[in-house]
Amino acid sequence: MYISEVYNASSVAAYMTEAYSNRIPFLLEAYFPNKKKMGIDLKWIKAHKGLGVALKPSNLDALPPVRPRGQAQMTKEQMPLYRESMVIKEHDLIEISRIKESNDPYLQPVVDSMYDDTYTLVDGAEISAEWMRSQLFAPINGKMQISMGTADNTVYLYDYDPDGTWKSKNYLELTGSDTWDNPTAKPLNDIRKATQYLSSIGTTATTIIGNSTTFDYLLENEQVKNALISITGQTINFIDETTVEEVLRRKMRLEWIAYDKMFEDYDRNQKKFYPDDYITILGNGQLGNTWRGTTPEELTTIGNFMDIPKAPVDITVLESGIAVAIQNEYKPSFTVTTTASQIVLPSFEGMDSIFVIKVK
């Protein structure tokens, strides 16, 4: 039995499909589902749909006036490429040589160690995509942009609100005694202000998303406790998450979703996908798409596309659009290199239908 018989593109695809079928999904995938396109340029149109406009009166026998179409803004960006590798070196290969003995009881741990590299890289690709989505979903200080740092002397920064229009209408920053860490603040008033604005442009708010740190402010808030008194008729000294959720549901007609998933950035700093001290209020429906471009690795698998020669590596493209390449190489030491790559960038056609509050 050879390494290539156990560890190849087909087996990687099967392994990843099984492994990810049991994975708790990233929350924001539901609002930005994956879509595929050729190339690396992304064009998307953001149109304001708002309220309906009354029909103008017109005289008999007169030509009707021509109604102008709603304003639309087109955005074009070049989608970034993400790519990293992990290497199995000669020392590892000595251990992997056990694969030749199919009855070896140590076989499975060795095979698992190879697949761990693949899982680590693919999971990292999914994390990068969710990190991009989360920056749009909870823009820090109201700046609607994606910032993925600097690599190879290139700054990866994508601005979705260059003129500040979204921030001026869909973002609220609380200050002073109004911040939610103050027990006398009025969070229900703040939420009401956001839902009223969304209603004014034709969007019915249904959900609040934040993390548990932000949610905990409401547990000590006097306005929330007083709202409970009106519901139960009894003095409230202590409330838990369930009772606060009930207040939001009955008073605001909103469902709370806590998103506490964490990751490590490129420098191994632990971060939350959804930041502390923010909430996002949104209505029903899809907000955008997570667009997946065609990686250079995938291009080599598409027949004779543009006469690109087939790469001397074993390549598979996962359903998510992430490409996994496995290469055996002698230079003169022998190595097995696993590479994961993706071209990805979210579009945000529905950005006008969310409202973000910085609560502290």
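Values in this document were obtained by computation on a predicted structure and should not be read as measured data.

Moving on: the packing of aromatic side chains. All chains considered together, the criterion is met by nine aromatic pairs. Measuring from ring centre to ring centre gives 4.6 Å for Phe-215 and Trp-256, while their planes differ by 50 degrees; the resulting arrangement is tilted. Taken as a pair, Phe-215 in helix H7 (residues 212-219) and Trp-256 in strand S9 (residues 255-258) lie far apart in primary sequence, 41 residues in all. Each member of the pair, Phe-215 together with Trp-256, is buried. Put simply, the rings of Phe-26, Trp-131, Tyr-259, Phe-263, Tyr-266 and Phe-273 touch in pairs and so form one group of aromatic residues.

With 37 residues, the main nonpolar core has Phe-137, Tyr-160 and Phe-348 as its most contacted residues. Elements with a contribution of two residues or more to this core: helix H4 (107-137), strand S5 (145-151), strand S12 (278-283), strand S16 (334-347) and strand S17 (354-358).

Next up on the list: the sheet that holds strand S8 (residues 205-210). If you walk across this open sheet you meet the five strands as S7-S17-S12-S8-S9, and the pairing is mixed. Edge positions in the sheet fall to strand S7 (171-173) and S9, since each has one partner strand and no second. Looking at each pair of strands side by side, their axes are set apart by 20 degrees on average, direction ignored. Where S8 lies against S12, four bridges are found, and the strand directions are antiparallel. Directly across from Ala-205, in S12, lies its bridge partner Gly-283. Set on the sheet, helix H6 (residues 187-200) makes contact with S7, S8, S12 and S17; between it and S17 the angle comes to about 155 degrees.

What the largest pocket holds in volume is close to 900 Å³. Taken together, 29 residues make up the lining of the largest pocket; nearest its centre are Tyr-82, Glu-84, Gly-124, Ser-128 and Tyr-266. Looking at the lining of the largest pocket, the elements that each hand over two or more residues are strand S4 (81-88), H4, S5, strand S10 (262-264) and S16. Broken down by class, the residue content of the lining of the largest pocket amounts to 14 nonpolar, eight polar and seven charged.

Burial runs high along S16: 13 of the 14 residues are buried. Direction of pairing for S4 relative to S16: antiparallel, over a ladder of eight bridges. Bridge pairing in S16 places Ile-88 opposite Val-336. Where strand S13 (residues 289-292) meets S16, four bridges bridge the pair, whose relative direction is antiparallel. Bridge assignment links Arg-292 to a residue of S16, and that residue is Val-344. Examined bridge by bridge, strand S15 (residues 323-330) and S16 share eight bridges and lie antiparallel to one another. Looking across to S16, one finds that Ile-326 is bridged to Thr-338.

This brings us to the side chain of Thr-195. Relative to the helices and strands, Thr-195 resides in helix H6. Judged by its relative accessible area of 12%, Thr-195 falls in the buried class. Apart from residues lying up to four places away in sequence, Thr-195 is in contact with Ala-205, Leu-254 and Ile-281.

Right, let's get into the environment of Glu-29. Along the chain, the position of Glu-29 falls in the loop between helix H2 (9-21) and strand S1 (34-36). For the pair formed by Glu-29 and Glu-130, sequence separation is 101 residues and the distance between their alpha carbons is 7.4 Å.

Our focus in this paragraph is the side chain of Ser-320. Along the chain, Ser-320 falls in the loop between strand S14 (314-317) and S15. Residue Ser-320 is classed as buried on the basis of its relative accessible area, which comes to 14%. The contacts of Ser-320, once residues within four sequence positions are left out, are Asn-34, Glu-126 and Arg-292.

Basis of the calculations
- Residues numbered from 1 in each chain as written.
- Predicted model: local features only at pLDDT ≥ 70, side-chain atom pairs only at ≥ 80, totals over all residues.
- Heavy atoms only, no water.
- Phe/Tyr/Trp six-rings, centres within 6.5 Å; stacked < 30°, edge-to-face > 60°.
- Helix = DSSP H or I, 4+ residues; strand = E, 2+ residues; numbered from the N terminus.
- Buried < 20%, exposed > 50% of the residue type's maximum accessible area, 1.4 Å probe, protein only.
- Core = buried A, V, L, I, M, F, W, Y, C linked by side-chain atoms within 4.5 Å.
- Pairing = 2+ DSSP bridges.
- Axes fitted to C-alpha atoms, helices over the stretch in contact; angles between N-to-C directions.
- Contact = heavy atoms within 4.5 Å.
- 1 Å grid on protein atoms, 1.4 Å probe; cavity = no way out; pocket = protein on both sides within 12 Å on 5 of 7 lines; lining within 4 Å.
- Points joined across faces, edges and corners; volume = space filled by probe spheres on them.
- Nonpolar A, V, L, I, M, F, W, Y, C, P; charged D, E, K, R; others polar.

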